[in-house]
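# A structural walkthrough
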Amino acid sequence: MSSFVPGHFADYPPPLGEGPSHPERPQDPGQTNIVISEMLQVVNIILATLYFFTTLLFRFSTDSVPDPLDDTLQALGEEPSHPEQHQESGETHAAGLPQVVITAIRATNLTLGLRRIPAGFHVALKAEGAEFRTSNKPVHVDQAVLEWNECILLPCEPSSIIQVTVYASFELGPMICQGEVLRTFEISVRELLDRSDNSHPIVFQPKQGEVVSPCTSLFMTLEQRLSDEEDAAVLCSLNTLAAGDMDALMLRTDAGHGLLARYRRMQNRRDLDQSINHFEHALDICPMDHPCRPAALFNLATAKLIYCQANETYPDLDIPISAFQDALDLRSTGHPDRPITQLHLAIALLSRFAKRGFQTDVDAAEELLSEVLDVCHANSYVHRAALLAIETSALHPAASIDANNLGQEPPTASMLPLSPNQLADQAGWCLRTDDPHALDEAISLHYDALGYYNTMHAYRGQLLGNLSIILSIRFERRGNAEDLNQAIALGSEALALHPVGHTNRSRSLNDLANRLSARFRHRGNSEDLDQAIALQMEALALCPVGHIDRSLSLNNLANQLSTRFDHQGNDEDLDQAIALAREALALRPVGHPDRPSSLNNLAARLFIRFHHRGNAEDLDQAIALQMEALALHPVGHTNRSKSLNNLAVQLSTRFDHRGNAEALDRAIALQREALALRPVSHTDRSSSLNNLANGLSTRFDHRGNGEDLDQAIALAREALALRPVGHTDRSSSLINLAVQLSTRFDHRGNGEDLDQAIALGREALALHPIGHTDRSSSLNNLAAHLSTRFDHRGNAEDLDQAIALAREALDLRPVGHTDRSSSLGNLANRLSTRFDHRGNAEDLDEAIALQREALALRPVGHTDRSQSLYNLANELSTRFDHKGNAEDLNESRENLRCALVLLTQHDPHRLKVHRSLATVYLSFHRLGLDGTGGPGEDTDLNIALHHFEAAANFVPGGLLGRLRASLSWVRHAGQHRHDTELEAYGISMQLMDAYMSATASVSSRHRAMKDFPSTLAVDAASCAIRSGDVCRAVELLEQGRTIIWTQMTRLRTPLDTLQTSSDHAATLMKRFRDLSSLLDRPFVSHAGSTPSVNVEAEDTRYRRLVEDWNGVVEEIRKIEGFSRFLLPPVFADLQEAACDGPIIMLIASKSSCDAVIITHTQPPTSIQLPTDFEKLDTLVLELREAIGKDASPKGNQTALIKSLRKLWNDVVFPLVEHLGVFARRGSRIWWCPTSLFSFLPLHAAGEYRANGNSLSQQYISSYTPSLAALMRARRCHDRNPSVPFAAIGQNLPAGASFILDCVEPELELVRCLLPPPPTVSFTKITSIDATKSRALRALRDNTWLHFSCHGTQNFDDPFKSAFLMRDQPLSLLDITQMDISRHEFAFLSACETAVGDFATPDEVIHLAAGLQFAGVKSVVGTLWKVTDATVQRLVKEFYKNFCKDGTMNSKRAARALHQAVNSLARDKEMPMPLDQRIVFIHIGA
């Protein structure tokens, strides 16, 4: 009889459908198994993978996955380490001195995620040029904790830094290298003592790119004692390696191990080849008597064996076998590494036996393995691996295998067909490989056999069944429907050959039912499914109570009835399926090998029924069954990942319905472990990725942790990549990723996320045509994304399409559908939005009716009831605004109150409810209605603003939502002149700063600024002035303006005083500088071709760095004297900016235009100016139009003079009247303009008539973008004895059509006017050499600069404003990334170098300001285009005055510019147009 018979229907039900943004629930998907009885499986298949399994066995030794904790230490860069040779330390310790001693080190989960069996583990500690290594200790399979009880003496100084490294070693005997680095980090002795005292272990995150990593925590027990109490091992001095050969041996071995480990992860053959090359060189270095030769042989043999298996070069197995044998010969009995050598040699011999069939190989292998079992601990990894190898070889005695027949060509037509046993061998082989040729060959041989064995032959029925199964497998792999049809036809013929009473009839019934069920899944013909169920019922009848196969038939019939329920919705089918599954489980008691599958199947059925009927008992029972199933699938079990996944899905569902946060956290932990068990090549990896992503996304929805959402999106992207076009589950991945991107858009406002979500949603909908069960979900999600885009961009077509899609979705969810309530709410929301924009009352009425129906479907206790209450409340509030029915407003308020009560304290949705309640109470206040039931007409207003305040301060709501809420608070408090207005401004600017700091690139920060009120800071200052608090007004201006520059300069804060404060402070300073350096690197905008996943990874990394940076800043603020470190400065500190003269801050707000005069010692003075915002706006336009008009030497420039007079009368003159008290005539003053004032040439204001007054007659004007910038410009630095001055010129930059003739003469003029060496060390970079890179070098190497070139201001992206060089622009962004904090002076002889951005004027983003913010003390720039003639004359006059006494002082720049301009104005022989006389300004100290 043939040993190959048709297999039974699998014990696992098919995957459940995956809805939008819900976890996938593959409940151990069904698979067709070929049952092979009376014959052994093919040995060479098992042995080909045995080596892989033995080396991976220990990877699953723990059943927990560590969650990152707040005190996680980041791993340092891990480079290969080499063992050093140690000598006795020459140090001595005086008796009685206090010492710090490590008495114990404890590490957990050392084997988690490792890819090979380690020989042992050890820890190395380094400090101050000395090192100590613990002993090398092995670990057992069930040993989660490894402890070293070895006393180690540490440096006594608490601030001493200890480098700790945990290694996995490859040998227990003489080691060539330290081994694989598991963890390495630096920590101070003080922190080690603190952690020891508080029993606080160091907890590690998984390494980057890994879900789990070995060594999840480390704890050291420390004691402080006198030196004469006990002896302790001392950190030994490091010594140079004894010989070059030894050094080379270590380097080669480390490199080989590193490449081999990378090959195991990445499967890159080149890594394997290079690994072998390094191991070969290492062996060459070890002569026959070298103590490390056995290890070198073993390493090379290991890599060679892997090579043979990877490349299927099995004849080469002799090479690794010989090397293993040589290593074994050198590791005699008793050697600690002899057992692992015997194990690997045995596996290699078994591999050769599988290919060549030499009985001597299997005999030798079994002898080696027996010895391993005798000497190794039963719980050691080596013992477990040896036991597995023995069991495998025992299952396959040589007599059952004809190794010489493997791989032969198929028989010719003239030969007899293969026997059924031989065909079974062929089938077993082809079904375990992905070789399409092998599968086709097996099918061909079966057809040949059918031609030989006629209808009456006893073997024909089994051959028909076997061929049916193989054709079905080919159909699953290639999708050719003809294969499945033929399989069914053959199965029908096999059934006909097994009539009633035949012993094999039940199997034929079962197999044919499986084929019909498969065709139903692919075509949806209900007749196939009905016939399959009928066949399964007959098969069950043939397996009465007591029959050995009854439990199998019960499960199969239960699965098919459940499938019919999924497609037809007949409750009787589901109830019957559950009853059958219960009976099957009863037939598989505790200890039965198939009990886990029955537990899983019954749990799946109960889970489905819970979804359809909502009975919580079904869900609780399903979870209990899955927990038992998981317990029966311990670490290392092949089905553990499936049990983890199923239990996680059900726990997540429990959270959805009951809000139990612990259930969600546990579900995520289970999904992480499941994902760790499904590496890159695993067929179910995409499912685990998707499920974990959904769990994290759900947790983000309820807790608002942005890291959860970022990780969810990264996982969802990887899942989608594993589901290419044509994959059956691609649509679910598209939907999930789209939902998560849309969620991130809601919280961060990046339009690219939303556009991508819509594109993904459209693709998903295309995969769900009419009639598809998931079409309603796709319609619903795409409608939501389009509606969101309409809200942000206003394209009416998006909204109309969203409504049409939502209507179609609702039609597909009739009364009784579990998701009808969500479709009702979604369509209502779309209609309400359309009403807001078009005013059709029918839309609003329909929306309210839909929301009422949705609320009725979500009774008290429903998890989404709060959302329905919120939605209905908003629609009612809107209708009140439209029709004025007070009942609508009252009902809206009550619904919102109920919604707020139902939401947990940390639910992010509370923010929206607070905002809506604020809006409702404002309506009560506006119309004089009583919304509180209490006295006082302002009560409703106070409650409304309280809710805005609550929303702005609600941390789980996310920065963007809080910022928007705070701006609403500002707007309404301002409209009602409420006493919380100033507080609202303060909160808004704090949130604005925090929101901008989480944005990675400066360009994206600038774009984000445009989405918010550009006058926020000046409006806040105006509010403070109205309140009489002028000092607060100045503080708010500093806090709310130049946010982008402020954030950049924070990262370059000098910390000299902090460094000398204490050891702890010095450590924090180092950490602060390191993080600041990482954050200060250029995070520029990405090109459109950059993969979004890379952009997201970079953004996520940036946000994590920001969180770490904020944490260090908070720690620094705890140090005495640093409580306000990097906080917005108070006025008393800002007043220092006026030490050299008064500063006039000009505030242009729509409520008023004011000036604040700040002096060094007196309180600030505020002056309301006789102008307003509209007049200023007109003046700015008039000035822009006047520049260049009538600009000839004889032209009067009447329009410009008129504008400058207006500037004098409305702005400057009222201030000059007050300045006389604070500044003497001819002294310096500084202008700090805001808003529209930033675009006015304040220094040039005057009457411009005979004997008329002007500002320049009385004061020398400078500008500063902020007070903090001016204070930084005044910092003193050590000066070089010789001033390094560079003049950079470019007369024909890339893309220019004409030459600037004055550039080269200007450079020479500057050289001539500067003091000669050694006072000035002058460098001239002429046009031919002035490339971007050369200019950057000059900028780096010289602290005094003169630019003569084209300058451009980019108003769309101001950070791309640039000096134009020969090859490419030298942009403002390039300059800001340089350290020019010690630079003294820059003269910018180029056009538009001091022109800001009209969209964000208070950010002051232009070349001149950029140089000053970056550190240049004194800068001369231009407000508009400048002519060659002007440049030549002004440069000459400027440097004459600047260098007249032969010395260089940057503080003289303002006066030199003032004198140069006045000199040119007095020149009647060569008059200069007015707009050219006033084009240059001075910025800085």
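In this report, we go over the structure that sits alongside the text. Along every chain, residues carry numbers that run from 1 in the direction the sequence is written. Per-residue local features are limited, in this predicted model, to residues with pLDDT of at least 70; the limit for side-chain atom pairs, both in listing and counting, is 80 or more; totals at the level of whole chains, interfaces and linings are taken over all residues. With hydrogens and water excluded, all non-hydrogen atoms of the structure serve as input to the side-chain values.

### Notes on the overall build of the protein
We apply this condition: Put simply, DSSP H or I for four residues or longer makes a helix, DSSP E for two residues or longer makes a strand, and each gets a number counted from the N terminus. Three labels apply to residues, based on accessible area from a 1.4 Å probe with only protein chains included: buried if under 20% of the type maximum, exposed if over 50%, partly exposed otherwise in between. The contact criterion used is simple: two residues touch if any of their non-hydrogen atoms lie within 4.5 Å. Where accessible areas are quoted, they stem from the Shrake-Rupley method and a 1.4 Å probe; at the residue level, only the protein chains shown are allowed to cover.
Along the protein, the regular secondary structure elements total 54 helices and 27 strands. Looking at the protein as a whole, 56% of its 1485 residues qualify as buried. Of all intrachain contacts in the protein linking residues separated by at least 6 positions in sequence, the fraction that spans at least 24 positions is 71%. About 61400 Å² of surface is accessible on the protein, with carbon and sulfur atoms providing 51% of the total.

### Some details on the packing of aromatic side chains
Given two aromatic rings, one states the distance between the centres and the angle between the planes to describe the pair. What counts here: When the centres of two rings from Phe, Tyr and Trp lie within 6.5 Å, Trp using its six-membered ring, the rings pair. Their planes under 30 degrees apart give stacked, over 60 give edge-to-face, and anything left gives tilted. Put simply, a charge is over a ring when the Lys NZ or the Arg CZ is close to the ring centre, within 6 Å, and near the line of the ring normal, within 35 degrees.
Here the structure, examined in full by the defined rule, presents 17 aromatic pairs. With 6.3 Å between their ring centres and 70 degrees between their planes, F1285 and Y1439 make a pair best called edge-to-face. Here F1285, found in strand 19 (residues 1283-1289), pairs with Y1439, found in helix 52 (residues 1428-1442); they are 154 residues apart in sequence, far enough to count as distant. Its relative accessible area of 0% is what places F1285 among the buried residues. Plain terms: the ring middles of F1347 and F1363 are 4.3 Å apart, the flat faces sit at 5 degrees to each other, and that makes the pair stacked. Residue F1347 is located in strand 21 (residues 1344-1348), and its partner F1363 is located in strand 23 (residues 1362-1363); the two are separated by 16 residues in the primary sequence. For the pair F1347 and F1363, a shared accessibility class is recorded, and that class is buried. Every member of this aromatic cluster is reached through a ring pair, and the members are F1285, F1322, W1344, F1385, F1387, F1438, Y1439, F1442 and F1480. In this arrangement the basic side chain of R1274 is found over the ring face of W1230, its NZ or CZ atom lying 4.8 Å from the centre.

### Quick notes on helix 51 (residues 1407-1414)
Burial analysis of helix 51 places 8 of its 8 residues in the buried class, the great majority of the element. Listed in full, the buried residues belonging to helix 51 are L1407, A1408, A1409, G1410, L1411, Q1412, F1413 and A1414. Positive backbone phi, approximately 135 degrees, marks G1415, located one or two places after helix 51.

### Some details on helix 4 (residues 269-285)
Selection rule: To estimate the expected span of a helix, count its residues, drop one, and scale the result by 1.5 Å. This arc is built from the directions going out from the helix axis to the C-beta atoms.
Taking 1.5 Å per residue, 17 residues should reach 24 Å; helix 4 reaches 25 Å between its end C-alpha atoms and fits that length. Here helix 4 has its buried residues at D271, L272, S275, I276, H278, F279, A282 and L283. Within helix 4, the buried residues cover an arc of 165 degrees as seen down the axis, which keeps them to one side. More than 90 degrees from the buried face of helix 4, the exposed residues found are R270 and D284.

### Some points on the pairing of strand 26 (residues 1418-1422)
As a reminder of what qualifies: Any two strands are treated as partners once DSSP identifies two or more bridges connecting them.
Burial analysis of strand 26 places 5 of its 5 residues in the buried class, the great majority of the element. The side-chain alternation of strand 26 yields two buried faces, one formed by S1418, V1420 and T1422 and the other by V1419 and G1421. The pairing of strand 25 (residues 1385-1389) with strand 26 spans 3 bridges and is parallel. Note on strand 26: the bridge partner recorded for A1386 is V1419. By the bridge criterion, 5 bridges tie strand 26 to strand 27 (residues 1480-1484) in an arrangement that is antiparallel. Looking at the pairing, T1422 lines up with F1480 of strand 27.

### Topic: the packing of helix 18 (residues 595-613) against helix 20 (residues 640-658)
For clarity, the cut-off: Axes here refer to lines fitted to C-alpha atoms; in helices the fit is confined to the stretch in contact. Angles between the N-to-C directions go from 0 to 180 degrees. Roughly parallel here means an angle under 35 degrees, roughly antiparallel means over 145, roughly perpendicular means 65 to 115, and every remaining angle is called oblique. Crossings are assigned a handedness: left-handed for a near helix turned anticlockwise from the far helix by less than a right angle, right-handed for a clockwise turn.
The interhelical angle for the contact between helix 18 and helix 20, taken along N-to-C directions, is 25 degrees, at an axis separation of 11 Å. By the angle between their axes, helix 18 is roughly parallel relative to helix 20. For the crossing formed where helix 18 meets helix 20, the hand is left-handed. The residues of helix 20 that touch helix 18, namely those facing N600, A603, F607, F610 and H611, are N646, V649, Q650, T653 and H657.

### What about the state of the cysteines?
Selection criterion: When two cysteine sulfur atoms are found within 2.5 Å, that pair is recorded as a disulfide.
If you walk through the whole model with that rule in mind, you get 0 disulfides. Cysteine C292 is unpaired, with the sulfur of C286 as its nearest cysteine sulfur at 5.8 Å.

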